[in-house]
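Here is what each chain is made of, one letter per residue.
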Amino acid sequence: MSLINPSISSTLQSPSDFYASLLQTSLKTKDPFTAKLIHAQIIKLGLHLGVFLMNNLMNSYSKSGFISDAHTLFDEMPGKNTFSWNTILSAYAKQGRFDRAHTIFQEMPERDSVSWTSMIVGYNQMCQFEKAISMFLEMVSAKISPTQFTFTNILASCASLEDLSIGKKVHSFIVKLGLSSNVPVANSLLNMYSKSGKPDMTKAVFDGMPLRSVSSWNTMITLYARYGRLDLALAQFEQMSERDVVSWNAMIAGYNQHGLDVEAVCIFAEMLRESNVKPDKFSLASVLSACANLEMLKPGREIHAYIIRTAANDSEPVSNALISMYSKSGGLAIARKIVDRGMVSNLNVISVTSLLDGYVKIGDVKLARNFFDSLNDPDVVAWTAMIVGYVQNGLNNDAVELFRCLLSYGPKPNNFTLSAMLSACSSLASLNHGKQIHATALRSGAESSVSVTNALISMYAKAGSIENAKRVFGQVSWMRDNVSWTSMIIALAQHGLGLEAIALFEEMLALKIKPDHITYVGVLSACTHAGFVEQGQNYFCLLQNVHKIVPTLSHYACMIDLLGRAGLLEEALKFIEKMPIEPDVIAWGSLLSACRVNKNAELAEIAASRLLEIDPGNSGAYAALANVYSLCGRYEDNAKVRKLMKDRGVKKDRGVSWLEINKTNHVFGVEDTLHPQRDEIYKKMAELWKEIKKLGFVPDTKAVLHDLDEELKDEILSHHSEKLAIAFGLMSTPEKTTLRIIKNLRVCDDCHSAIKYISKLVQREIVVRDVTRFHHFKDGLCSCGDYW
């Protein structure tokens, strides 16, 4: 920059005014070194003794970043006025150097509103809001009148702290000084009341403003959107004569955040079509989030094309939103390309989980794990997403293994992680793993989380420990939600505690907690397993007439099961025929199962026929019909059904049972010969078989579906999978230990009877979880009361 000689510039301007004007111009051009050139010229001309020019020079140094030069100049000034002090004070305060700023503030011979405000602004900019408020209160005590700038900053501090007590006092002060109509001050009041959760006061201030800026309208739109009143937000939006990008963003984000994603996409399209305002990274991130939620790949790609054309993708929020959109909308390959090309250096929680969830959704858990392993220092959300992916794909052992890695060298698991792991333990019916996770939840304080508590109830129930499930439910009486009650009712029903389940349901109704359709599945199931036909029918009416729930196929299946188990087979058939929706496999399967219990071959043929029309490859239908024929002594028909299965290539599900010993699952099939301790197991079972016969047990040879001699049937019965599992469990665990056996099919009549006698013989509780429920065998009795 060339310096102009002041003597030829203007006869109306003094040299000091000329150089002061030149310094102001240099600040606008943002040339940091101009001040130094001007400073040299000032010294050369002997103008460095004037306070006015030195103040301007010091101001230029401080605003150009040369604060040490500004302070040197300040120290060398022979004369200083309040402006001089305020200039150096403001420079230090704005940089957050409050030790120096405070020293200067204390040394000032005289302080004005600018001095106090400089300190308040500095504290506010450095997020030291309490100190800003404290400084403001000192300012008022010193009887210094705040300026407009003071008020806007102190209201910003109150807003950040959501401190209404001070905010209201500041509001009163503003009214007293007549600044209520000042637009920047009124906007600061709007912001303070809005962020402090006072919509009524916000609206009152807005309504009282004679003049409003775009910012005023934006505050109201954002407020209404936050509370889900998008109708009011839209009304305000449509009244605006002028809109900026914040106005559009508030509407797009509001719709997106409240699940109105179609509306979010539409208003974004309107923004592009009818507005001169260009979308920014916030507009783009919100509309891409809406496309992700809608799984709308086409509009998402069009927005991506717009981003590329306008070079608007140079921001991590937009890149993360693109990854999330493509992951959720079936464009996983493109999402991965965005990641691999390094278009975003810091993947956020949503994009990571979306990409992982996308792989999980298509069942490609291997690719999900490869992506997870490629992350640098994955956070707890990424770990949880991967664990959930394993659980959702039935890979529960992999979920457990990854959780162990998380505990060893990953971040601290959160409530969602623990809930997911408890779900895995529920599927594995692993009580040991579940207890370990419960201990982790206790140590981290996560047991107080409703989601973790509900998962604990479900885990303990599915692992066969109904007492622990009850204990957890009893400990959280103050925080139970609908899911808590429902989980406990279903748990009690599965464990044959029908009366307790019904009592809990009645207590739930008395407390005015509204049951949902899943709750009703639980209570109807409880009535089914307990044989409470009339009670179940009453609840089915309550479901429709009082709680206005449209019955689902699950409710209808429960009612069919309820009638069938009670021997009311004709009523069950009529119920099916009157159903307003087409009965499914479960409905006909429930009737077929009841026919087996009641040995009704004719109705079983109808049920099996209708079931096979829906699902021709259903092996259970063939097996159940063959079972009924065998129980009725119709062995030729049994053989025909089995031949038909073979001809049609239908394979019967192999019955297996397993139990966990020393953190290892031991699996057994009927006549199992694969276990390394098979000889000892068969020997143990032979001893048990002999001893329980002495106690009065009579093998139910009708349970053998083939026409064999009685001795061979007897031997086959003794080698059923659950009996072998029990024999191994008795060999491998200390006396009095509860055995917990899981079976993938229903327990047969003979095994049910034999296990009652075994529990009496060995004086142990034996819990068997079959495909429909739990049986607790103890002292020769079963919790089902022989009604299952």
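Residues numbered from 1 in each chain as written. Predicted model: local features only at pLDDT ≥ 70, side-chain atom pairs only at ≥ 80, totals over all residues. Heavy atoms only, no water.

Engineer: Outline the UniProt feature "repeat: PPR" (unreviewed entry) in the chain, supporting the account with residue identities and numerical values.
Structural biologist: The feature "repeat: PPR" (unreviewed entry), as annotated in UniProt, sits at residues 81-115, 213-247, 379-413 and 481-515 in this numbering. The straight-line gap between the two end C-alpha atoms of residues 81-115 is 12 Å; of that span, 74% is helix and 0% is strand. Between the C-alpha atoms that bound residues 481-515 there is a distance of 10 Å. The span itself is 74% helix and 0% strand. (UniProt positions renumbered as here; feature names shortened; annotations may be inferred. Helix = DSSP H or I, 4+ residues; strand = E, 2+ residues; numbered from the N terminus.)

Engineer: Mind laying out the domain arrangement of the chain, listing which residues take part and the relevant values?
Structural biologist: Domain boundaries in the chain define domain 1 (481-535), domain 2 (552-652) and domain 3 (657-782). Summarising the inter-unit geometry, the C-alpha centres of domain 1 and domain 3 are found 31 Å apart. Counting from both sides, the interface comprises 4 residues of domain 1 and, opposite them, 4 residues of domain 3. Counting the surface lost from both domain 1 and domain 3, the interface buries some 450 Å², and carbon and sulfur atoms represent 48% of this. Interface area lost by domain 1 to domain 3 is led by Gln494, His495 and His529, which between them contribute 92%. Counting every contact that joins domain 1 to domain 3 gives 0 salt bridges. Viewed at the interface, domain 3 and domain 1 are joined by 3 residue pairs in polar contact (both at pLDDT 80 or more). Tallied by class, residues from the side of domain 1 that touches domain 3 come to no nonpolar, 4 polar and no charged. (Domains from an automatic or database assignment. Contact = heavy atoms within 4.5 Å. Buried area = accessible area lost by both parts, 1.4 Å probe. Salt bridge = Lys/Arg side-chain N within 4 Å of Asp/Glu carboxyl O. Polar contact = N/O pair within 3.5 Å; in protein donor to acceptor, adjacent residues only side chain to side chain. Nonpolar A, V, L, I, M, F, W, Y, C, P; charged D, E, K, R; others polar.)

Engineer: How would you explain the packing of aromatic side chains if you had to name every residue and give the values?
Structural biologist: Tallying each qualifying case throughout the model produces 16 aromatic pairs. Counting every residue linked through ring pairs, the aromatic cluster contains Phe136, Phe151 and Phe173. In this structure, Arg243 packs its charged tip against the face of Phe237, placed 4.0 Å from the ring centre. In this structure, Arg480 is placed above the aromatic ring of Phe473, and the distance from its NZ or CZ to the ring centre is 3.8 Å. (Phe/Tyr/Trp six-rings, centres within 6.5 Å; stacked < 30°, edge-to-face > 60°. Lys NZ or Arg CZ within 6 Å of the ring centre and 35° of its normal.)

Engineer: Quick one: what's the story with the nonpolar core, residue by residue and with numbers?
Structural biologist: One finds Ile387, Met488 and Leu591 to be the most contacted residues of the largest nonpolar core, which totals 192 residues. Once residues lying within four places of it in the same chain are set aside, the contact partners of Ile387 are Ala399, Leu402, Phe403, Leu406, Thr417, Ala420 and Met421. With 29 residues, the next largest nonpolar core counts Leu659, Met685, Phe697 and Ile755 among its residues. (Core = buried A, V, L, I, M, F, W, Y, C linked by side-chain atoms within 4.5 Å. Buried < 20%, exposed > 50% of the residue type's maximum accessible area, 1.4 Å probe, protein only.)

Engineer: An account of the pattern of salt bridges is needed here, citing residue identities and associated values.
Structural biologist: According to the stated counting rule, one finds 16 salt bridges in the structure shown. Arg229 is paired through a salt bridge with Asp231; the nearest N and O atoms lie 2.8 Å apart. On the basis of relative accessibility, which here comes to 40%, the residue Arg229 falls in the partly exposed class. Notably, a salt bridge pairs Glu274 with Arg273, separated by 3.8 Å at the nearest N-O pair. Ionic contacts of the salt-bridge type, sharing partners, join the residues Glu467, Lys470 and Glu500 into one network.

Engineer: If you had to explain the confidence of the model for the chain to someone new, which residues and values would you point to?
Structural biologist: The pLDDT averaged across the chain works out to 84; a share of 91% of its residues lies at or above 70. pLDDT under 50 marks residues 8-12. Its contacts with residues more than four places away, or in other chains, come to 1 contact. (pLDDT = per-residue confidence, 0-100.)

Engineer: Can you break down the sheet that holds strand β6 (residues 781-782) residue by residue, with the values?
Structural biologist: Here we have 6 strands laid out as an open sheet, ordered β2-β1-β3-β4-β5-β6, and mixed in their pairing. Each of the sheet's edge strands pairs with one partner strand only, and the pair in question is β2 (664-669) and β6. Relative to strand β5 (residues 774-778), strand β4 (residues 766-769) is paired through 4 bridges, and the arrangement is antiparallel. The partner of Val767 across the bridge, within β5, is His776. (Pairing = 2+ DSSP bridges.)

Engineer: Would you mind going over the pairing of strand β1 (residues 656-661) in detail, with residue names and values included?
Structural biologist: Examined bridge by bridge, β1 and β2 share 6 bridges and lie antiparallel to one another. Each bridged residue has a counterpart across the sheet, and for Leu659 the counterpart in β2 is His666. Here β1 hands over to β2 after 2 residues, with Asn662 in that stretch at a positive phi of 50°. Where β1 and strand β3 (residues 739-743) come together, 2 bridges link them in antiparallel fashion. Counterpart to Trp658 in the pairing with β3 is Ile742.

Engineer: Which residues make up the packing of helix α7 (residues 113-125) against helix α9 (residues 148-161), and what values do they have?
Structural biologist: α9 packs onto α7 with a crossing angle of 30° between their chain directions and a minimal axis gap of 9 Å. The angle between α7 and α9 places the two elements in the roughly parallel class. Here the hand of the crossing between α7 and α9 comes out left-handed. Along its contact with α7, which presents Thr117, Ile120, Val121 and Asn124, the element α9 presents Phe149, Thr150, Asn153, Ile154, Ala156 and Ser157. In the contact of α7 with α9, the residues fall into 5 nonpolar, 5 polar and no charged. (Axes fitted to C-alpha atoms, helices over the stretch in contact; angles between N-to-C directions. Parallel < 35°, antiparallel > 145°, perpendicular 65-115°, else oblique. Left-handed = near helix turned anticlockwise from the far one by under 90°.)

Engineer: Just give me the short version of the side chain of Lys723, but keep the residues and values in it.
Structural biologist: You can see Lys723 is positioned in helix α41 (residues 721-732). Only 2.7 Å separates the side chain of Lys723 from the backbone oxygen of Leu717, close enough to count as a polar contact.

Engineer: Which residues make up unusual backbone geometry, and what values go with them?
Structural biologist: Positive phi, close to 60°, is recorded for Lys143, a residue that is not glycine. You can see Lys143 is positioned in the loop between α8 (129-141) and α9. The class of Lys143 is exposed, set by a relative accessible area of 75%. Phi at Lys548 takes a positive value of approximately 55°, unusual for a residue other than glycine. Taking relative accessible area as the criterion, Lys548 reaches 63% and is therefore assigned exposed.

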